[in-house]
Amino acid sequence: MAILLEQLLNGLTIGSFYALIALGYSMVYGVMAISQRFGLWGGMAAALLFSFFAVGCVGVLMERIAYRPVQKSGRLPLVVSALGASIFIENLIMAIWGPRYQAYPASVVPVHTISLGLFNITAMQLFILILSFMLMLILYYIVQKTTFGAAIRATALDREMATILGIDVGKITLFIFFLGPALGGMAGVMNGMYYRQISFVMGWNYGLKAFTATILGGIGNIPAAMLGGLLLGLIEMLGAAYISSAWKDVFTFLILIIILIFRPTGLIGEKIAEKV
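Residues numbered from 1 in each chain as written. Predicted model: local features only at pLDDT ≥ 70, side-chain atom pairs only at ≥ 80, totals over all residues. Heavy atoms only, no water.

## A look at a nonpolar patch on the surface
No. 1: Residues Trp 247, Val 250, Leu 254, Ile 257, Ile 258, Ile 261 and Phe 262 make up a contiguous nonpolar surface patch of about 740 Å² in total accessible area.
No. 2: For Trp 247, the position within the fold is in the loop between helix 10 (222–242) and helix 11 (248–262). (Patch = residues over 30% accessible without salt bridge, like charges linked within 9 Å, V, L, I, M, F, W, Y side chains within 5 Å. Areas by Shrake-Rupley, 256 points an atom, 1.4 Å probe, with all protein chains shown as cover. Salt bridge = Lys/Arg side-chain N within 4 Å of Asp/Glu carboxyl O. Helix = DSSP H or I, 4+ residues; strand = E, 2+ residues; numbered from the N terminus.)

Put into structure tokens, the structure is as follows:
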């Protein structure tokens, strides 16, 4: 029972990474120096805020360079352009910081453990879970309960009609391209603090799994992306505990294949525009 509870906790922690990144793929690197200057919790806050704004700005830049020029060319050029931008950023990071894993300084990672009877939880796990769920709830409220969120949903459903209705589609697009990478950047920092190391390929690996989480829940559906990320994390950790950790990634893509075959719109369903 204790093993099951610990693996559920680990799964939720890992799943929170996938859930955040599923809202916008990105990478983060080079924030360790900021963490060292402000102490433990101050350093964590500084690293998270820096990654949020820095990676968000990179996302806006990528929208201008990689997406906007091919926006009207169809979906395939957009996918190819996104893939090219991802490979470029990954290799640029490797060229600047090198191919080796970089360890987080022990002074910026809390190591306290809290006993909850049958299982233990670390201060870092508790921090990650609370912050992740807070971010998800805030994003859900903005998109689902505010006027600006309604404009975002309208743009996602029908860009041309949103323009006719007076919505500034350009500003909406920039906001999305800022927020998506910004959330991914924060997830990258939390991931590095959890595992105490980062590498130039971490964005690619977690991006693939976050993409799987998006499909698992349902493309275009924010609550579904969150649910898909958490479910994927739980499935990975339970599979690693009760079958084999060597098969952890296999479980991820096996789920992707099964979902694409039997329910291609995801568990909750894809939100698409209805043409009438």
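## Describing helix 8 (residues 169–195)
Along an α-helix, a turn takes 3.6 residues, which lines up residues three or four apart on a common side.
No. 1: Under the 1.5 Å per step criterion, the end-to-end length of helix 8 is 39 Å for 27 residues, consistent within 8% with the ideal 39 Å.
No. 2: Taking burial as the measure, the 27 residues of helix 8 include 19 buried ones, the bulk of the element.
No. 3: In the stretch just after helix 8, Arg 196 is the one whose phi turns positive, near 65 degrees. (Expected span 1.5 Å × (residues − 1). Buried < 20%, exposed > 50% of the residue type's maximum accessible area, 1.4 Å probe, protein only.)

## Regarding the pattern of salt bridges
Working definition: two side chains of opposite charge can pair if their charged atoms are close together.
No. 1: Applying the stated criterion across every chain, the model contains three salt bridges.
No. 2: Residues Arg 64 and Glu 63 are paired through a salt bridge, measuring 4.0 Å at the closest nitrogen-oxygen approach.
No. 3: A relative accessible area of 45% means that Arg 64 is categorised as partly exposed.
No. 4: Where Asp 168 meets Lys 171, a salt bridge forms, and the shortest distance between an N and an O atom there is 4.0 Å.
No. 5: What makes Asp 168 partly exposed here is its relative accessible area of 41%.
No. 6: Salt bridges sharing partners connect three or more residues here, namely Glu 63, Arg 64 and Arg 68.

## Things to note about the nonpolar core
No. 1: If you look at the biggest cluster of nonpolar residues, it comprises 24 residues, and the most contacted ones within it are Leu 48, Phe 52, Leu 131, Leu 139, Met 186, Val 189 and Met 193.
No. 2: Secondary structure elements with two or more residues in this core: helix 3 (40–67), helix 5 (123–145), helix 8 and helix 10.
No. 3: Counting residues per element, this core draws most heavily on helix 8, which supplies eight residues.
No. 4: Formed by seven residues, the second largest nonpolar core is a distinct cluster that contains Ile 215, Leu 216, Leu 256 and Ile 259. (Core = buried A, V, L, I, M, F, W, Y, C linked by side-chain atoms within 4.5 Å.)

## Focus: the packing of aromatic side chains
No. 1: Inspection of the entire model under this criterion finds five aromatic pairs.
No. 2: The interplanar angle of 85 degrees and the centroid separation of 5.2 Å between the aromatic rings of Phe 52 and Phe 53 together place this pair among those described as edge-to-face.
No. 3: Judged by its relative accessible area of 47%, Phe 53 is partly exposed.
No. 4: For the ring pair Phe 52 and Phe 178, a centre distance of 5.7 Å and an interplane angle of 80 degrees mean the geometry is edge-to-face. One end of the pair, Phe 52, is in helix 3; the other, Phe 178, is in helix 8, with 126 residues separating them in the sequence.
No. 5: The class of Phe 52 is buried, set by a relative accessible area of 17%.
No. 6: Among the aromatic residues, those joined into a ring-pair cluster are Phe 52, Phe 53 and Phe 178. (Phe/Tyr/Trp six-rings, centres within 6.5 Å; stacked < 30°, edge-to-face > 60°.)

## Observations regarding the confidence of the model for the chain
No. 1: On average, residues of the chain score 75 in pLDDT, and 78% of them reach the 70 mark or higher.
No. 2: Within the chain, no element has a lower average pLDDT than helix 2 (residues 32–37), which sits at 45, and none a higher one than helix 5, at 84.
No. 3: A low-confidence stretch, residues 24–32 stays under pLDDT 50, and its non-local contacts, those more than four residues away or across chains, total 48 contacts.
No. 4: A low-confidence stretch, residues 272–276 stays under pLDDT 50, and its non-local contacts, those more than four residues away or across chains, total three contacts. (pLDDT = per-residue confidence, 0-100. Contact = heavy atoms within 4.5 Å.)

## Quick word on the environment of Leu 231
No. 1: For Leu 231, the position within the fold is in helix 10.
No. 2: Excluding anything up to four places from it in sequence, Leu 231 contacts Leu 216 and Leu 267.

## Quick notes on the packing of helix 5 against helix 10
No. 1: Following both chains from N to C, one finds helix 5 and helix 10 inclined at 160 degrees, their axes separated by 10 Å at the closest point. Between helix 5 and helix 10, the angle falls in the class roughly antiparallel. The handedness of the crossing between helix 5 and helix 10 is left-handed. In this structure, helix 5 uses Phe 133, Met 136, Leu 139, Tyr 140, Val 143 and Gln 144 to contact helix 10, whose residues at the interface are Ile 222, Pro 223, Met 226 and Leu 230.
No. 2: Of the residues assigned to the contact of helix 5 with helix 10, the class counts are nine nonpolar, one polar and no charged. (Axes fitted to C-alpha atoms, helices over the stretch in contact; angles between N-to-C directions. Parallel < 35°, antiparallel > 145°, perpendicular 65-115°, else oblique. Left-handed = near helix turned anticlockwise from the far one by under 90°. Nonpolar A, V, L, I, M, F, W, Y, C, P; charged D, E, K, R; others polar.)

## A short note on the packing of helix 5 against helix 6 (residues 147–157)
No. 1: Contact geometry for helix 5 and helix 6: axes closest at 5 Å, N-to-C directions at 75 degrees. Taken together, the axes of helix 5 and helix 6 lie roughly perpendicular to each other. Along the contact surface, helix 5 presents Ile 142, Val 143 and Gln 144, while helix 6 presents Gly 149, Ala 150 and Arg 153.
No. 2: Within the contact of helix 5 with helix 6, the residues separate by chemical class into three nonpolar, two polar and one charged.

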